[in-house]
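# Coordinates in review
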Amino acid sequence: MSSGSYFPPPVRAVQIPKPNGGIRVLGVPTVADRIAQTVVAGVLEQAAESVFHPDSYGYRPGRSALDAVARCRERCWKADWVIDLDIKAFFDSVPWDLVLKAVAAHTDRPWVLLYVRRWLQAPLQGADGALLPRDRGTPQGSAVSPVLANLFLHYAFDAWMAREFPGVGFERYVDDAVVHCVSEAQAHHVLAALRKRMREVGLELHPEKTRVVYCQDAKRRGSYEHVEFTFLGYTFRRRHADGRNGKFLGFLPAISKKALGRISAEVRSWRLHHRTSLTSQDLARWINPIVQGWMNYYGAFYKSALYPLLARINAYLMRWVRKKYKRLRSRKKAQATWKQFVTGWPRFYAHWAWVTSVPRVW
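Since we're looking at a predicted model, the values are computed, not measured.

Ordered by their spatial adjacency, four strands build an open sheet running β6-β7-β3-β8, and the pairing between neighbours is antiparallel. Edge positions in the sheet fall to β6 (170–173) and β8 (211–214), since each of these pairs with one other strand and no more. Each strand axis lies, on average, 20° off the axis of its neighbour in the sheet, ignoring direction. Bridge count between strand β3 (residues 81–86) and strand β7 (residues 176–181): six bridges; the pairing is antiparallel. Within β7, the residue paired with D84 across the bridge is V178. Against the sheet, helix α6 (residues 145–164) touches β3, β6 and β7, its axis set at about 175° to β6. The strands that helix α7 (residues 184–200) touches are β3, β7 and β8; relative to β3, the one it contacts most, it runs at about 20°.

Structure below.
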């Protein structure tokens, strides 16, 4: 690679349907290309990590999406207004010249800049083998795209915000960002400046998805058009919570309807109640890692929002029990056996740590 003799092949284009009905095009590199991109990404991350903004969380060591959600929650308690930012088609629109300029600022190795340029210019290869030339953007799915996105947005957004609005806090996870303001007037002022800034760097804020949101809770009252927003799979809105002095209304994050719908669809697709050829141990080995992952991420805040979904998994498991064992087909016997099993093995299924009940309709 340091000799400059490696030439990236075309990137295979894979179309992924979006929940809203659109299409997202992922660029799948070859194995050799992914290895080469990982090498360059490691070099750039090591050089740029020390200058990245503390409120940039995406694909950085020691930081996670949950850290960004936690910081967003804290700031929503202090600032009344939020700008929910959505950059329109960021990975398809980012201009190459500014990406290369950002890369050049953090490496003195010519071969790194050379390969970044070649990867940016590599055509997409469609399912029919046709090559689709590009003149901007960086394919989602490549190993080097996250660090390129972070480098570009560090200068286009993070450093600009710190310079122009030093007292305004924000959280950014790659191209997903939330900005906190103390008043509605400030929010609209910052948003207008951000629209102008995005145009300067060749991007555009989505006109429908970018919104000014009021963080309404028990103390913040009034009638406003937008009183909730979604960030990294969590919807922030007014919710009941338990406090030291009893229940209260707070502005809190919980799993979003979109994420919950996606997970529910996956659970249905398992068709657990038809898997009677499997043992209970087989089922546990299959679903436990998946469910535990959902619990770890979406249960980090307001985990009770997950309880109905976990109870639904129990309903499928109960149907599986009644279909697999003839002696347990009566509801009464199945319930008694369920209770006995849960008491004896309370951690057999990962979600039993939170929910062991079965909905009445199963």
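From this point, the narrative continues.
Our next topic: the packing of aromatic side chains. With the rule as written, the count across this model stands at 27 aromatic pairs. Here F90 and F91 contribute two aromatic rings whose centre-to-centre distance is 5.1 Å and whose plane-to-plane angle is 80°, an arrangement assigned as edge-to-face. Judged by centre distance (4.9 Å) and plane angle (35°), the rings of F341 and W345 are tilted. The aromatic ring of Y57 is capped on one face by R63, whose charged end is 5.3 Å from the ring centroid.

Moving on, we get to the layout of surface pockets. Looking at the largest pocket, its volume works out to about 2,000 Å³. Around the largest pocket, the lining is made up of 49 residues, and of these R24, D86, D176, G233 and K258 lie nearest the centre. Grouping the amino acids of the lining of the largest pocket by side-chain chemistry returns 22 nonpolar, ten polar and 17 charged. In this model, the second largest pocket occupies a volume close to 260 Å³. Along the walls of the second largest pocket sit 14 residues, with S280, W320, V321, Y325 and F341 positioned nearest its centre. Elements supplying a minimum of two residues to the lining of the second largest pocket: α10 (307–324) and α11 (331–344). The dominant element in the lining of the second largest pocket, judged by the number of residues it contributes, is α10, at four residues.

Rules of the game
- Residues numbered from 1 in each chain as written.
- Predicted model: local features only at pLDDT ≥ 70, side-chain atom pairs only at ≥ 80, totals over all residues.
- Heavy atoms only, no water.
- Pairing = 2+ DSSP bridges.
- Helix = DSSP H or I, 4+ residues; strand = E, 2+ residues; numbered from the N terminus.
- Axes fitted to C-alpha atoms, helices over the stretch in contact; angles between N-to-C directions.
- Contact = heavy atoms within 4.5 Å.
- Phe/Tyr/Trp six-rings, centres within 6.5 Å; stacked < 30°, edge-to-face > 60°.
- Lys NZ or Arg CZ within 6 Å of the ring centre and 35° of its normal.
- 1 Å grid on protein atoms, 1.4 Å probe; cavity = no way out; pocket = protein on both sides within 12 Å on 5 of 7 lines; lining within 4 Å.
- Points joined across faces, edges and corners; volume = space filled by probe spheres on them.
- Nonpolar A, V, L, I, M, F, W, Y, C, P; charged D, E, K, R; others polar.

The values reported here are purely geometric and, on their own, carry no functional implication.
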